[in-house]
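Here's the letter readout for the chains.
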Amino acid sequence: MRNNKIFKHIALTTLIAFSAVGCMDDDQDYPAADKPEITLGTSNVTVTEGDTGFITLNLSRAIGSEIDLKMEAVSGNATVDDYSVTAAKEFTSADDGVGSFPAYNIVIPTGVDTFDIPVSAIDDISVEGDETTTFRITSTGNGKAFLGEDGILATVTFANNES
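Quick caveat, the model's predicted, so the values are computed rather than measured.

Caption draft 1: Highlighting the overall build of the protein chain. When helices and strands are counted, the protein chain shows one helix and ten strands. Counting helices and strands in the order they occur from the N terminus, the protein chain gives α-β-β-β-β-β-β-β-β-β-β. By residue count, 34% of the 163 residues in the protein chain fall in the buried class. For the protein chain, the proportion of contacts with a sequence separation of at least 24, taken over those separated by at least 6, is 75%. Only carbon and sulfur atoms are counted for the fraction: they give 53% of the accessible area of the protein chain, which is about 9700 Å².

Caption draft 2: Spatial organisation of the nonpolar core. With 30 residues, the main nonpolar core has Ile38, Ile55 and Leu57 as its most contacted residues. Dropping the residues within four chain positions of it, Ile55 is found in contact with Leu40, Val45, Met71, Phe115, Asp116, Ile117, Val119, Phe135, Ile137, Ala154 and Val156.

Caption draft 3: Expanded view of the pairing of strand S2 (residues 44-48). Where burial is concerned, the two faces of S2 differ: the one with Val45 and Val47 is buried and the one with Asn44, Thr46 and Thr48 is not. Examined bridge by bridge, S2 and strand S10 (residues 152-159) share five bridges and lie parallel to one another. Bridge pairing links Thr48 to Ala159 in S10.

Caption draft 4: Geometry of the pattern of salt bridges. Under the counting rule described, the total for this entry stands at one salt bridge. A salt bridge links Glu72 to Lys70; its shortest N-O distance comes to 3.6 Å. Accessibility expressed as a relative area gives 8% for Glu72, which makes it buried.

Caption draft 5: Molecular detail of the pairing of S10. Burial within S10 is extensive, with six of its eight residues counted as buried. Of the strand pairs in this sheet, strand S9 (residues 131-139) and S10 are connected by seven bridges, and their pairing is antiparallel. The partner of Arg136 across the bridge, within S10, is Leu153.

Caption draft 6: Molecular detail of the environment of Arg61. Relative to the assigned elements, Arg61 resides in the loop between strand S3 (52-59) and strand S4 (67-76). When the C-alpha positions of Arg61 and Thr114 are compared, they lie 8.9 Å apart, and in sequence the two are 53 residues distant.

Caption draft 7: Molecular detail of the confidence of the model for the protein chain. Residues of the protein chain with pLDDT of at least 70 account for 69%, and the chain-wide mean is 79. Note on residues 22-30: pLDDT is under 50 here. Beyond four places in sequence and across chains, it has eight contacts.

About the cut-offs
- Residues numbered from 1 in each chain as written.
- Predicted model: local features only at pLDDT ≥ 70, side-chain atom pairs only at ≥ 80, totals over all residues.
- Heavy atoms only, no water.
- Helix = DSSP H or I, 4+ residues; strand = E, 2+ residues; numbered from the N terminus.
- Buried < 20%, exposed > 50% of the residue type's maximum accessible area, 1.4 Å probe, protein only.
- Contact = heavy atoms within 4.5 Å.
- Areas by Shrake-Rupley, 256 points an atom, 1.4 Å probe, with all protein chains shown as cover.
- Core = buried A, V, L, I, M, F, W, Y, C linked by side-chain atoms within 4.5 Å.
- Pairing = 2+ DSSP bridges.
- Salt bridge = Lys/Arg side-chain N within 4 Å of Asp/Glu carboxyl O.
- pLDDT = per-residue confidence, 0-100.

Below, the structure is given as structure tokens:
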């Protein structure tokens, strides 16, 4: 009987010890209710050659850590010779986890609820029509923000300044 009591005491102590010790997976996704939602300030931006325009992202709330996003060109007639995305790391290979090029890693800093992605139209001497690019912005593996099931789309028109 005494051995049975000791066994129960050891089993109960072990159970309590294991339930008190937890494991936090640093790579876990934030639950959807805890993620800020990101929306566009405007879905269409026009930038004249030689100038810089901004794709404005609005967050439903600021969070205490950086948010990594992927922005990739998905359609349009502008090429990488027509624009540059500053303040972003350009992905350079398929190993970076992108499906199309050019693509960029956008990092929203800690504690902000609005973020501007600068897009500059490169001035050339060609007389041409306006050119456009549509970018898809999606969350990366850190999953700290919600941008809809398919991400959000922003179209940038690069207006020619030659006549």
